[in-house]
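Single-letter residue listing:
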Amino acid sequence: MPRAGLTADRVVAAAADLADEVGFENVSLSALARGFGVKDASLYSHVRNLQDLRTRVAFLAGGELVDRIAVAVEGRSGRDALGAFADAYRAYALEHPGRYAATQIRIDQTLVAASPALRRTAELTYGLLRAYGLEEPDLTDAVRLLRSTFHGYCALESTGGFGAPRDVRRSWERAVDALHVALTHWPREGEAM
């Protein structure tokens, strides 16, 4: 019988908080159980195993991230929308490092397809890029460019990887400017260079 007051949502939220404190890779069912003052077995009424817990944290974090991005880009277009999207992404990654790490794990595609939050992420991202006149297969390529740029920058910044005296925020803004130029002048597949 599940312990009174303990729910799957509470377990996942606690795991997300713990991930921000100790790192996503350090979240364990034992640590969560200790935090709730229960035995590990009590958590198995709410999550199947550690992989299930990690997947649920990834969905929670993905939903939080897309909500933040949606608010940021609402009513914006072009460079303004791209900048708002990028800034919301970066802020979330830096404020919630464990949750953000969860958004980067590989998840079974059948689960992804069933997730409203992850579908919404794709819709927002593809909508932003369609405003630049992109269609498939260029859309997929542009999504990969944005994701790798945003993720790489945030990963380096969060670990102190930028040692030059140049302001990190100013470099971020210039990177977004460069992405805007690249998207505006995207070489369409099949066009001569």
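A quick note: this is a predicted structure, and the numbers were derived from the prediction, not measured.

Our focus in this paragraph is helix α9 (residues 138-158). With 21 residues, α9 extends 30 Å between its outermost C-alpha atoms, agreeing within 8% with the 30 Å of an ideal straight helix rising 1.5 Å per residue. Along α9, the residues that are buried comprise D138, L139, A142, L146, F150, Y153, C154 and E157. Angular distribution of buried residues about the axis of α9 spans 115°; they occupy a single face of the element. Of the surrounding elements, those touching the buried residues of α9 are α5 (78-95), α8 (116-130) and α10 (168-184). Following α9 by one or two positions, G160 adopts a phi angle in the positive range, close to 75°.

Here V176 lies in helix α10. Sequence separation between V176 and A8 is 168 residues; the distance between their C-alpha atoms is 38 Å. Contact partners of V176, with chain neighbours within four places excluded, come to R79, L82, G83 and A86.

For any two aromatic rings, the description comes down to two numbers: the centre-to-centre distance and the angle of the planes. Applying the stated rule across the entire model yields 6 aromatic pairs. Ring centres of F150 and W172 lie 5.7 Å apart, and the angle between their planes is 45°; on these two criteria the pair is classed as tilted. Highlighted residues: F150 in helix α9 and W172 in helix α10, separated in sequence by 22 residues. Residue F150 is classed as buried on the basis of its relative accessible area of 2%. With a relative accessible area of 1%, W172 lands in the buried category. An aromatic cluster is built from F85, Y89, Y100, F150, Y153, F162 and W172, whose rings are joined through pairwise contacts.

Procedures and definitions
Residues numbered from 1 in each chain as written. Predicted model: local features only at pLDDT ≥ 70, side-chain atom pairs only at ≥ 80, totals over all residues. Heavy atoms only, no water. Helix = DSSP H or I, 4+ residues; strand = E, 2+ residues; numbered from the N terminus. Expected span 1.5 Å × (residues − 1). Buried < 20%, exposed > 50% of the residue type's maximum accessible area, 1.4 Å probe, protein only. Arc of directions from axis to C-beta. Contact = heavy atoms within 4.5 Å. Phe/Tyr/Trp six-rings, centres within 6.5 Å; stacked < 30°, edge-to-face > 60°.

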